[in-house]
Amino acid sequence: MKTLRFGLLLSFAAAVGLAAPLSAQTTLGVRGGVSIADISVDEEGESINFDSRTGFVGGGFANFQLGETFFVQPELLYAQKGAKEALDSSVDATIKLDYLSIPVLFGAAFAIGDGGVTPRIFAGPEVSFELSCKLSADVEGVSASADCSEGELETKSVDFGLVFGAGVGIPVGSFEIVLDGRYDLGLTDIEDSDSEFDTSAKNRAWQFTAGVGFPVGG
């Protein structure tokens, strides 16, 4: 597992290294916002619906402009995911999955007028490393929590996915306000068990962030 993590981080560094010489401008920044996540569960061909868990997503990014229009943008994010379920009228259960996520986004930006406002679209792969998995329950106002392993729920430590989204950059003096919305589509069956049932569980999340970027080249 350490070898896998090292390889993925090396790939992330390589993407940065390859983009830097090509970029007319590099922007470094931080972003943060809300993650509205749930888990898509399919059991024996039947979909099971859960309520969403609302949490935090945030971290840093580096945007490398490739010519007039295109860019590559690796990011390092802390992302809260998971789901909720009302077991009955008095019991609410939540699975809390926290990840260190590394998306590498490829996109296009389109300047509007002379103001420098740039709408953008982007998509790319993502690898996420599980930081923690907890189960919590609220029973008539009394809360309790435990690690997933204590509740006999085993989850995989690495989740691969795809990210799609759109946003806008708004120049303000010497820096840029960046706003975006994205859909995080998990591809990995995150349940790590030997269940006799044909079951899969995959992360899903809508993420909305605001941040600030600082041009450092060009």
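About the thresholds
- Residues numbered from 1 in each chain as written.
- Predicted model: local features only at pLDDT ≥ 70, side-chain atom pairs only at ≥ 80, totals over all residues.
- Heavy atoms only, no water.
- Disulfide = S-S within 2.5 Å.
- Helix = DSSP H or I, 4+ residues; strand = E, 2+ residues; numbered from the N terminus.
- Buried < 20%, exposed > 50% of the residue type's maximum accessible area, 1.4 Å probe, protein only.
- Salt bridge = Lys/Arg side-chain N within 4 Å of Asp/Glu carboxyl O.

Asks: Could you give an account of the state of the cysteines, naming the residues involved and the relevant values?
Replies: Linking two cysteines covalently via their sulfur atoms produces the bond known as a disulfide. Counting across every chain of the model gives 1 disulfide. Between the sulfur atoms of Cys-133 and its disulfide partner Cys-148 the distance amounts to 1.9 Å. A torsion of -75 degrees about the S-S bond marks the disulfide between Cys-133 and Cys-148 as left-handed. Taken together, the residues span a long stretch of sequence, with Cys-133 in strand E6 (residues 118-139) and Cys-148 in the loop between strand E7 (142-147) and strand E8 (158-172) at a distance of 15 residues. By relative accessible area, which is 9% here, Cys-133 ends up buried. Given a relative accessible area of 2%, Cys-148 falls into the buried group.

Asks: With reference to specific residues and values, describe the pattern of salt bridges.
Replies: Inspection of every chain in the model, using the stated rule, returns 9 salt bridges. A salt bridge links Arg-31 to Asp-180, with the nearest nitrogen and oxygen atoms 2.6 Å apart. Taken as a pair, Arg-31 in strand E1 (residues 26-43) and Asp-180 in strand E9 (residues 175-186) lie far apart in primary sequence, 149 residues in all. The same class applies to Arg-31 as to Asp-180, namely buried. With a shortest N-O distance of 2.8 Å, Asp-147 and Lys-134 are connected by a salt bridge. Taken together, the positions of Asp-147 in strand E7 and Lys-134 in strand E6 put the pair 13 residues apart, joining distant regions of the chain. You can call Asp-147 partly exposed: its relative accessible area is 32%. Among the residues examined, Lys-134 registers a relative accessible area of 35% and is labelled partly exposed. A cluster of three or more residues bridged by salt bridges with shared partners is formed by Arg-31, Glu-75, Asp-180 and Arg-182.

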